[in-house]
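Close look at the chain arrangement
Spelled out from the first residue to the last, the chains are:
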Amino acid sequence: MRIALLSDIHANLCALDAVAAAVGSVDQVLQLGDVVGYGPEPDATVQRLMDLRAGGVRGNHDAAACGGQEIEWFNPAARRALEWTRRVIAPATLGWLEMLPSRVVEPPFTLVHGSPREPTWEYVTSPDVASASFASLQTRHGLHGHTHVPMAWRLDAGRIEAIDPRGTPLLHLDERPTLLNPGSVGQPRDGDPRAAWALLDTEAGTCTWHRTSYDVAAVQAAIRQAGLPAWLADRLAVGA
Ligand code: ZN
């Protein structure tokens with residue numbers, strides 16, 4: 001099976017469409033949360049994921065877009081974008097977001113947005129958190145996003161290995177547990193503005209990381225047009 005891993009799309013339809021074209025034909029599309037928030041096209045982004053029959057999980061922005069108190073935990077720009085999202089999204093979009101589970105277990109994979117320990121909010125950014133994540137992982141591999149930075153962690157005989165796929169974008173999967181983060185489609189934060197995604201090939205036993213260019217200026221214009229904070233447009237150009 002060839003499985004496309006998309007995370008943190010953040011209502012950036014232009015980036016999603018460029019990635020979908022680059023992905024081509026796959027057996028399954030999985031999204032790892034934060035479908036909405038920050039970006040200007042939440043309804044069309046969700047519709048495109050429906051068209052792709054994408055499975056997946058909810059992120060912290062998706063949870064906040066569905067209501068509840070979590071919105072108070074966001075920084076002012078993110079919060080303004082979420083308030084805007086709540087105002088504009090169609091009932092069908094809201095319904096789709098509300099149906100997303102926080103965790104999906106499909107052996108040998110577990111899907112979460114944040115970490116296997118705390119599926120919606122926790123960032124896997126250190127060996128300590130990676131270690132706790134492996135302790136909570138019920139399958140061999142964990143698929144997650146949330147940091148907006150492509151990354152892999154591997155548990156090798158009790159030792160935590162940090163693997164930066166930007167050097168070698170191919171990882172052979174074996175019996176050693178891994179946490180695989182494709183990076184962000186809609187708002188990369190690793191200094192590379194191109195959309196980030198990954199491809200799992202279960203027959204070959206590989207995960208490969210990819211980058212795809214899209215029309216950043218068009219999305220920036222749409223963000224400004226919607227009256228969303230200018231910073232959300234600016235950061236797309238630098239991948240920060
Ligand atoms: Zn995100």
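Everything below is about the structure shown above.
I will try to describe carefully the structure that is included in this document. (Residues numbered from 1 in each chain as written. Predicted model: local features only at pLDDT ≥ 70, side-chain atom pairs only at ≥ 80, totals over all residues. Heavy atoms only, no water.)

Examining the coordination of the zinc ion
- Around the zinc ion, the protein supplies D8 (OD), H10 (NE2), D34 (OD) and H148 (NE2) as donor atoms, at distances of 2.1 to 2.3 Å.
- Seen from the zinc ion, its four donor atoms lie at angles of 84 to 176°, and the figure they make is irregular.
- Between consecutive donor residues of the zinc ion, the sequence gaps follow D-x1-H-x23-D-x113-H. Of the two residues, D8 sits in the loop between β1 (2–6) and α1 (13–23) while H148 sits in the loop between β6 (141–143) and β7 (151–156), which places them 140 residues apart along the sequence. (Donors = N, O, S within 2.8 Å, 3.2 Å for Na, K, Ca; no water. Tetrahedral: all angles 85-135°; square planar, octahedral: opposite > 155°, others 65-115°. Helix = DSSP H or I, 4+ residues; strand = E, 2+ residues; numbered from the N terminus.)

Brief notes about the pairing of strand β4 (residues 103–106)
- In the sheet, β4 pairs with strand β5 (residues 109–112) via four bridges, with the strands oriented antiparallel. Counted as the bridge partner of E106 is F109 from β5.
- Following β4, the chain reverses through two residues before pairing antiparallel with β5. (Pairing = 2+ DSSP bridges.)

What to know about the nonpolar core
- By size, the foremost hydrophobic cluster in this structure holds 40 residues, and its most contacted members are L6, L97 and Y214.
- Among residues more than four places away in sequence, those in contact with L6 are L16, V19, V29, L30, Q31, L32, V185 and W197.
- Residues V104, L173, A198 and W209 belong to the second largest nonpolar core, which totals 18 residues. (Core = buried A, V, L, I, M, F, W, Y, C linked by side-chain atoms within 4.5 Å. Buried < 20%, exposed > 50% of the residue type's maximum accessible area, 1.4 Å probe, protein only. Contact = heavy atoms within 4.5 Å.)

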